[in-house]
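Here are the chains, one letter per residue:
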Amino acid sequence: MAEMDDLYQEVILDHNRQPRNFGPLGDANRSAEGHNPLCGDTIVLYLRVEDDVVTDVSFEGGGCAIATASASLMTEVLRGKSVAQARALFEGMMDMLTGDPTHAAEVAEDLGKLAVFSGVREYPMRVKCATLVWHTLQAALEDLRQPVSTEQQG
Ligand code: ZN
């Protein structure tokens, strides 16, 4: 698995060096800001949501390589997804990073390119770096739909 880890690390470093969809989003209709004080990561997420579909997404800020790469990869994956699919991806990320280790690999498989973060679960201090942008996404989506959701707790 060492080769796989190298590949994953290469993807993370690449997204950190050249973050995708970085910058403000002129026609955003949702946004949220997220902080990870443990590491000093700050992400501002912008979404354009139309008819329950994320039609555009960008982010500003960043932090460590994992936080920046996680935001960058999320913006790539999210475009064109429904709000329900976006929430399912959040669940999948949380499951892969903090859930039962016996099915983490299986979950990772369903997450496609987001699986590059699967190794982060070995480093509990870094898990929040990877999940920060996803919590920020939840905050942005909750604005949009229901006033409060108690089904996710950070
Ligand atoms: Zn971090």
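Attention in this report is confined to the structure presented alongside it. Here, residues in each chain are numbered from 1, in the same order as that chain's written sequence. Residues qualify for local features only when their pLDDT is at least 70, as the model is predicted, and side-chain atom pairs are given and counted only at 80 or more; totals for whole chains, interfaces and linings, by contrast, use all residues. As a rule here, side-chain values cover all heavy atoms of the structure and leave hydrogens and water aside.

1. Section: the pairing of strand β1 (residues 30-36)
Convention followed: A pair of strands is considered paired only if DSSP assigns at least 2 bridges between the two. Numbering of helices and strands runs from the N terminus; a helix is a DSSP stretch of H or I covering at least four residues, while a strand is a stretch of E covering at least two.
In terms of strand pairing, β1 meets strand β2 (residues 41-50) through seven bridges, oriented antiparallel. Bridged to H35 within β2 is T42. Counting the residues between successive antiparallel strands, the hairpin from β1 to β2 contains four residues, one of them, G40, with a positive phi of roughly 90°.

2. Quick look at the coordination of the zinc ion
For the record, the criterion: Donor criterion used throughout: N, O or S atom within 2.8 Å of the metal, extended to 3.2 Å for Na, K and Ca. Water excluded; incomplete-looking sites may result. Each residue is assigned to one of three classes by its accessible area relative to the maximum for its type, calculated with a 1.4 Å probe on protein chains only: buried under 20%, partly exposed between the two thresholds, exposed over 50%.
Donor atoms from the polypeptide that bind the zinc ion are C39 (SG), D41 (OD), D41 (OD), C64 (SG) and C129 (SG), placed at 2.2 to 2.7 Å. The motif formed by the donor residues of the zinc ion, counted along the single chain, is C-x1-D-x22-C-x64-C. With D41 in strand β2 and C129 in helix α5 (residues 124-144), this residue pair connects regions lying 88 residues apart in the sequence. Look at D41 and you get buried, because its relative accessible area is 1%. For C129, a relative accessible area of 1% puts it in the buried group.

3. Structural notes on the sheet that holds β2
Counted only if it meets this: For helices, the fitted axis covers only the stretch in contact; all axes are lines through C-alpha atoms, and the angles between them, taken along N-to-C directions, range from 0 to 180 degrees. Should any heavy atoms of two residues lie within 4.5 Å, those residues are considered in contact.
One open sheet holds the three strands; their spatial order is β1-β2-β3, and the pairing between them is antiparallel. At either end of the open sheet lies a strand with only one pairing partner, and these are β1 and β3 (53-62). Across the sheet, the mean angle from the axis of one strand to that of its neighbour is 20°, orientation sign disregarded. Along the sheet, helix α2 (residues 65-78) makes contact with β2 and β3, crossing β3 at roughly 165°.

4. A closer look at the nonpolar core
The line we're drawing: By convention a nonpolar core is built from buried Ala, Val, Leu, Ile, Met, Phe, Trp, Tyr and Cys residues, the set being connected through side-chain atoms within 4.5 Å.
Formed by 44 residues in total, the largest nonpolar core has its most connected members in L47, L78, F117, W134 and L137. Elements supplying a minimum of two residues to this core: α1 (2-17), β2, β3, α2, α3 (83-98), α4 (104-110) and α5. Tallying contributions element by element places α5 first for this core, with nine residues. Those residues in contact with L47 that lie beyond four places of it in its chain are L25, A28, N29, R30, V54, D56, V57, L78, L137, A140 and L141.

5. Notes on the environment of D143
Tracing the chain through its elements places D143 in helix α5. Along the primary structure D143 and A32 are separated by 111 residues, whereas in three dimensions their C-alpha atoms are 8.8 Å apart.

6. Brief notes about α2
Note the following rule: To estimate the expected span of a helix, count its residues, drop one, and scale the result by 1.5 Å.
Here α2 is 14 residues long and its end C-alpha atoms lie 20 Å apart, about the 20 Å a rise of 1.5 Å per residue gives. Of all 14 residues in α2, twelve are buried; the element is thus mostly enclosed. Where α2 is concerned, the buried positions are I66, A67, T68, A69, S70, A71, S72, L73, M74, T75, V77 and L78. G80, located one to two residues past α2, shows a positive phi value of around 90°.

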